[in-house]
Amino acid sequence: MIDNNQLLRFTTAGSVDDGKSTLIGRLLYDSKSIFEDQLEAVENTSKQKGHAGVDLALFTDGLRDEREQGITIDVAYRYFTTPKRKFIIADTPGHIQYTRNMVTGASTANAAIILVDARHGVIEQTRRHAFIASLLQIPHIIVCINKMDLVDYSEQAYNKVLEQFEEFSSKLLVKDIRFIPISALLGDNVVNRSQNMDWYQGAPLLHTLENMHISSDINKVDARFPVQTVIRPQSEKFIDYRGYAGRIASGVFRKGDEITVMPSGFTSKIKTIDTLDGALEEAFAPMSVTLTLEDDIDISRGDMIVRSNNKPEPTQDIEVMLCWLNDAPAKPRAKYTIQHTSNEQKAMIKEVVYKIDINTLDRNSEDKALDMNAIAKVKIRTTKPLMVDDYRENRTTGSIILVDDATNETVAAGMIV
Amino acid sequence: MSKYYLNYLDELESEAMYVLREVWAQFDNPVILFSGGKDSIVVTHLAQKAFYPAKIPFALMHVDTGHNFPETIKFRDDLINKLGANLIVGSVQESIDQGRVAEEKGKNATRNALQITTLLDAIESNKVDCAIGGGRRDEEKARAKERFFSHRDDFGQWDPKNQRPELWNLFNGKHFEGEHFRAFPISNWTEMDVWNYIKRENIQIPSLYFAHERECVRRNDSWIPNSEFLKLEPNEEIVSKKIRFRTLGDITITGGIESEADTLEKIVDEVSTMRQTERGNRSDDKRSETAMEDRKKQGYF
Ligand SMILES: Nc1nc2c(ncn2[C@@H]2O[C@H](COP(=O)(O)OP(=O)(O)O)[C@@H](O)[C@H]2O)c(=O)[nH]1
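Draft legend 1. Geometry of the site of the ligand. Residue and element names in this part refer to chain A. Taken together, 16 residues lie around the ligand, and Asp17, Lys20, Ser21, Thr22 and Asp149 are the ones closest in. Backbone polar atom of aspartate 17 to an oxygen atom of the ligand: 2.7 Å apart, as the coordinates give it. Between leucine 185 and the ligand, the recorded distance is 3.2 Å, taken from a backbone N or O atom to an oxygen atom. Here the ligand, which alone exposes 570 Å², has 76% of that area covered by the protein. The element best represented in the shell around the ligand is helix H1 (residues 20–30), accounting for three residues. Taken together, the residues of the shell around the ligand break down into five nonpolar, six polar and five charged.

Draft legend 2. Focus on a negative patch on the surface. All names here are of chain A. A grouping of Asp240, Glu294, Asp295 and Asp296 is seen on the molecular surface, where their side chains present a negatively charged patch. Counting through the fold element by element, aspartate 240 comes out in the loop between strand S8 (229–231) and strand S9 (243–247). By relative accessible area, which is 71% here, aspartate 240 ends up exposed.

Draft legend 3. Expanded view of the packing of helix H2 (residues 38–51) of chain B against helix H6 (residues 191–201) of chain B. All names here are of chain B. Here H2 crosses H6 at 55°, and the two axes come no closer than 11 Å. The orientation of H2 relative to H6 falls into the category oblique. Crossing angle aside, the handedness with which H2 passes H6 is left-handed. Counting all contacts with H2, which are made through Lys38, Asp39, Val42, His45, Leu46 and Lys49, the residues of H6 involved are Glu191, Val194, Trp195, Tyr197, Ile198 and Glu201. By residue class, the composition of the contact of H2 with H6 is six nonpolar, one polar and five charged.

Draft legend 4. Summary view of the sheet that holds strand S3 (residues 85–91) of chain A. All names here are of chain A. One open sheet accounts for six strands, arranged S2-S3-S1-S4-S5-S6; its pairing is mixed. Strands at the two margins of the open sheet, each flanked by one partner only, are strand S2 (76–81) and strand S6 (176–181). On average, each strand axis in the sheet is inclined to that of its neighbour by 25°, with strand direction left out of account. For S2 and S3, the ladder comprises six bridges, and the chain directions are antiparallel. When the bridges of S3 are listed, threonine 81 appears paired with lysine 86.

Draft legend 5. Just the sheet that holds strand S4 (residues 130–132) of chain B, in detail. All names here are of chain B. Reading across from one edge, S3-S2-S1-S4-S6-S5 is the order of the six strands in this open sheet, with mixed pairing throughout. Every other strand in the sheet has two partners, leaving strand S3 (87–91) and strand S5 (149–152) as the edge strands with one partner each. Taking the axes of each pair of neighbouring strands and ignoring which way they run, one obtains an average angle of 30° across the sheet. The pairing of S4 with strand S6 (residues 180–183) spans three bridges and is parallel. In the strand pairing of S6, isoleucine 132 is matched with alanine 183. Against the sheet, helix H5 (residues 114–125) touches strand S1 (30–33), strand S2 (59–64), S3, S4 and S6, its axis set at about 150° to S2.

What counts, and at which threshold
Residues numbered from 1 in each chain as written. Chains lettered and ligands numbered in written order. Predicted model: local features only at pLDDT ≥ 70, side-chain atom pairs only at ≥ 80, totals over all residues. Heavy atoms only, no water. Near = heavy atom within 4 Å. Polar contact = N/O pair within 3.5 Å; in protein donor to acceptor, adjacent residues only side chain to side chain. Areas by Shrake-Rupley, 256 points an atom, 1.4 Å probe, with all protein chains shown as cover. Helix = DSSP H or I, 4+ residues; strand = E, 2+ residues; numbered from the N terminus. Nonpolar A, V, L, I, M, F, W, Y, C, P; charged D, E, K, R; others polar. Patch = residues over 30% accessible without salt bridge, like charges linked within 9 Å, V, L, I, M, F, W, Y side chains within 5 Å. Salt bridge = Lys/Arg side-chain N within 4 Å of Asp/Glu carboxyl O. Lys, Arg positive; Asp, Glu negative; His and termini not counted. Charge placed at Lys NZ, Arg CZ, Asp CG, Glu CD. Buried < 20%, exposed > 50% of the residue type's maximum accessible area, 1.4 Å probe, protein only. Axes fitted to C-alpha atoms, helices over the stretch in contact; angles between N-to-C directions. Parallel < 35°, antiparallel > 145°, perpendicular 65-115°, else oblique. Left-handed = near helix turned anticlockwise from the far one by under 90°. Contact = heavy atoms within 4.5 Å. Pairing = 2+ DSSP bridges.

In structure tokens form, the structure reads like this:
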């Protein structure tokens, strides 16, 4: 593995039996990411179940309950590495009742793989998966048209799915959509180029994942530094040291930059950017660093350091696309704790503007119940200002979660619009 | 390509530092669970990075089974000295003496399961509200679904079916009296990442990881080290082998592999060509397909 290799996080979505587990198993198997003892265990189970060869789907099996029911019910993370990149797969179940898991997996992904069975074409679930990927602003979508072996590797079958998909995806906001005809079971166009589809000119899936351009997906323009904690060594050597520790959410900070601390509005200049390995001249997202400032100002967790010429909007009223994640539905005008970067305030859902039917993408202004898996546009009021950006511009400063104070559970996730 | 991008190790490092700072900010009394193994050593190193130039703000908590490699204990004490950190020891022997747990019997007896009680007792008596572990999702299938912030009820138990959703980098560590969290800053690292990072950062690790001559016995396809606790079976014999350990647990159950890898470079090379997962040499996981999941639900590391 070469030292400047990047990390790519992707999710996989598909309906039950579209071949998602087989595809992931195939990627792990063909990229030689499976260890001998795992292989042995899976070979044994495959035999017990009466499968002819290795059942690739078994590599992605998770907890016992799921094994018993034969379905995936939570987000499971898998890892593999090629000479070009390290990959993290967030494997999420496809069924509508697991929308919340899909949203979770999508929240950190650079890319989404959406599986479509070539025989069935685009179905309701495909639309929902694509919608969630666009809602969470996953920058790259790869539609894998699977089971091509069952449609004689036919170009027409592939084109039909492609047209169906494009028909509705034109309504979604996705920067980059690609289509790849594959057979997860037999390996066509997964790691190796298919011998059976000369008509397909594009790259196989793994090659696509390895070469996709991802460094420009992070916002490098708006410099935002949410303060996580204040570092005060109180040792002899660093007697007056006061550093602000955090992970740069977006943009670039340089030594000497004029900054503003929000929400207080105090201004200063960056004195040093410190790390254990020495001070830096500049630092960028998503680096974790410690900043010191020229002036002694009162800063604590929840504050945000930004460049003075480019500030986010401090506001107590936000509009959010909210995904409800909890069994207990929202109570009308209920109060919650809102978490936004390192900032935490009390909040109230003032109004549900409309709910989205995630299969048809229609807006529903009649039924406004926020129950499990509901996705709705809502208005939220907070007790103190949050320093927000539009989620489309900034996935870190544009996202929030709601926590129910009675149970401490995370009940909703939202994207600021 | 623009110069403003991180390589995978830098990104993993930054993520782990972020998690450690969140732990510090969200909890009153967090500790690092320190086993002396490479994963908890890496977590400790990352904590130094996260809080520099301050000392690491966490105490190190070690669950001592009494069946240690002497090298591990020496390494632990040296590190504590160097960091100027506090050490909290939970003793399995004490739990046994107090009748909190009973020693397992028979040939394959280990103190592995007993650690759970000692760990939970130590968490409770020290009023720890977050225990930071070196668990990685790639280690084992039950771990693949762990959150960065993982909630434990007031019996210390994990409910895999009822985990809090974790989105973006927004971690919810809210808890009621008596409950605690486990935090896993290196969730997204693989064994290979850990080794590459140790090499890159030149992190000190116990000598046990490097190939060395050692007296051991062949058992269940691995080399179990000789120790005062080893009871030989009639057909077994002690031999001297050049071995090293891929993970460090109790001296009674941690098997070594034959190896010539006596430098970090050679270890990284060896690991990258190795075709066995690292826990494969630990008899505690071989008991059943769901051994890890069952222990984790009860409160294991
Ligand atoms: N013929 C064929 N069968 C496939 C292909 N991919 C998956 N399958 C089969 O479809 C069934 C469902 O696959 P699985 O991976 O378990 O689907 P999941 O529910 O999406 O994870 C299994 O019997 C697979 O062997 C493919 O490309 N071609």
